[in-house]
Amino acid sequence: MLAAQTLLEMPRTCTGADGDSWTCAIVYDWTGNEELAHAARWLIGKPLAILVLVLLGFLARWVLHRLIDRLVAKAQKGAFAEGQERPDVSRHRRVQRALTMAGLLKSIVTVVVLAIVVFMGISELGYNIAPLIASAGVVGVALGFGAQSLVKDYLSGIFMIFEDQFGVGDSVTVGEISGTVEGVSLRVTRIRDVDGTVWYIRNGEILSVGNQSQNWARSVLDVSVGYDEDLTRVRQILGEVARKLWREPEYRDLVLEEPEVWGVQSLSPEAVVVRVVLKTRPLEQWSVAREMRERIKDRFDAEGIRMPQTQRVLWHRDRPKAADAATPTVE
């Protein structure tokens, strides 16, 4: 009742376009001095209101960040599908992608909460924020047009991480660059090639990417033998070598399925090319292929199967005598 009466009796200085000031009304009720009530409105009421806005902004930011952390913790957990990626690689990629998305969401939350607190603080000071909001929209559009490449990089980075196109540790080919991914951010991707050179590629410039590390890989070996070798015997030996490697405990977890000998792949002037393939875990295709080449070489030596040798046919023509030098030679 007293508050309502005070509000009805408060002087004009305690009311305005920005609302009624309870601090001004209380001070005026205590002192009856309009100047003191007006000073209390600006020295106590406005700072106190802004402080409350700031505290509420920090509280909202903290609550939203905790919610994001819970979502990230759930996203980091997942089942490992048999025959796909190694558990450590899958978990590392899942954690890396979740942390990156968490950083993005937290940044967006911080910017949005900060903008709301700033605009509400300006409004509390008595300024009309409608022109500021309109100006912010115009500035945002101008920045969007002026920084199209930057916006493109960030949007491409968001979709690449969200779709899990590749992650840290993957072996990829981007355009003419092939190597191992060392870092993925929202703007750039860092790749180190086999020579040790580090490449920084803007995400907006990545139009297509080949990933050799997702789900499973395949070791493809093209074995060349001479034309005089028995191809049925060659295919049998290649199958025996591949299946022996597949059954060994050391490679049982690396080779996912029984190897296959596809047969003659091509015919060249020097050799017959026979193809054998092994389905492997990601990033293990090269080690399996190297081991297979060594075993095939040893088995071929033991079986007497000859590797093809490059052959050349040389045509020799005697030099004409001096008397016949002026006479053209018909060939």
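The rules behind each value
Throughout this description, residue numbers start from 1 for each chain and increase along the sequence as written. pLDDT decides what is reported in this predicted model: residues at 70 or higher carry local features, side-chain atom pairs at 80 or more are listed and counted, and totals for whole chains, interfaces and linings draw on all residues regardless. By convention in this description, side-chain values take in all heavy atoms of the structure and omit both hydrogens and water. For two strands to be treated as a pair, DSSP must find at least two bridges joining them. Numbered from the N terminus, helices here are DSSP runs of H or I no shorter than four residues, and strands are runs of E no shorter than two. Think of it this way: a Phe, Tyr or Trp ring, Trp meaning its six-membered ring, pairs with another when their centres are within 6.5 Å, and the plane angle makes it stacked under 30 degrees, edge-to-face over 60, tilted otherwise. For a lysine, the NZ atom is tested; for an arginine, the CZ atom; a charge sits over a ring if that atom is within 6 Å of the ring centre and within 35 degrees of the ring normal. Polar contacts here mean pairs of N or O atoms no more than 3.5 Å apart (in protein, one a potential hydrogen donor and the other a potential acceptor; neighbouring residues in sequence count only if both atoms are side-chain atoms). All axes are obtained by fitting lines to C-alpha atoms, using only the stretch in contact for helices, and the reported angles, taken between N-to-C directions, cover 0 to 180 degrees. Two residues qualify as a contact provided that any one of their heavy atoms is within 4.5 Å of a heavy atom in the partner residue.

**Student:** Help me understand the sheet that holds strand E2 (residues 177–184), please; the structure alone is not making it clear to me.
**Tutor:** What holds strands together in a sheet is hydrogen bonding between their backbones, with the strands either parallel or antiparallel. Taken in spatial order, the five strands line up as E4-E3-E2-E1-E5 in an open sheet, and their pairing is antiparallel. Each having just a single partner strand, strand E4 (198–202) and strand E5 (210–211) make up the two edges of the open sheet. Note: strand E3 (residues 188–193) against E4, five bridges, orientation antiparallel. When the sheet's bridge partners are listed, Ile-191 is paired in E4 with Trp-199.

**Student:** Is there a simple way to think about the packing of aromatic side chains in this case?
**Tutor:** The geometry of an aromatic ring pair comes down to the distance between the two centres and the angle between the two planes. One pass over the structure, following the stated rule, counts zero aromatic pairs. Cation over ring: Lys-279 sits above Trp-216, and NZ or CZ is 4.4 Å from the ring centre.

**Student:** Whenever I open this one, the pairing of strand E1 (residues 171–174) confuses me. Can you help?
**Tutor:** Every other side chain in a regular strand lies on the same face of the sheet, so the side chains alternate between the two faces. Pairing analysis gives four bridges linking E1 to E2, with the strands arranged antiparallel. When the sheet's bridge partners are listed, Val-174 is paired in E2 with Ile-177. As consecutive antiparallel partners, E1 and E2 are separated by two residues, and within that stretch Gly-175 has a phi angle of approximately 65 degrees, a positive value.

**Student:** Help me understand the side chain of Asp-170, please; the structure alone is not making it clear to me.
**Tutor:** You can see Asp-170 is positioned in the loop between helix H6 (148–162) and E1. Engagement of the side chain of Asp-170 in a polar contact is seen with the backbone nitrogen of Gly-167, the distance being 2.9 Å.

**Student:** Would you explain the sheet that holds strand E8 (residues 272–280) in this entry?
**Tutor:** Spatially, E6-E8-E7 is the arrangement adopted by the three strands of the open sheet, whose pairing is antiparallel. Only two strands of the sheet have a single neighbouring strand rather than two, namely strand E6 (217–225) and strand E7 (260–267). Each strand axis lies, on average, 25 degrees off the axis of its neighbour in the sheet, ignoring direction. In this structure, E7 lies alongside E8, joined through six bridges in antiparallel fashion. Note on E8: the bridge partner recorded for Gly-263 is Arg-275. Along the sheet face, helix H7 (residues 231–247) touches E6, E7 and E8 and points at about 20 degrees away from the line of E8.

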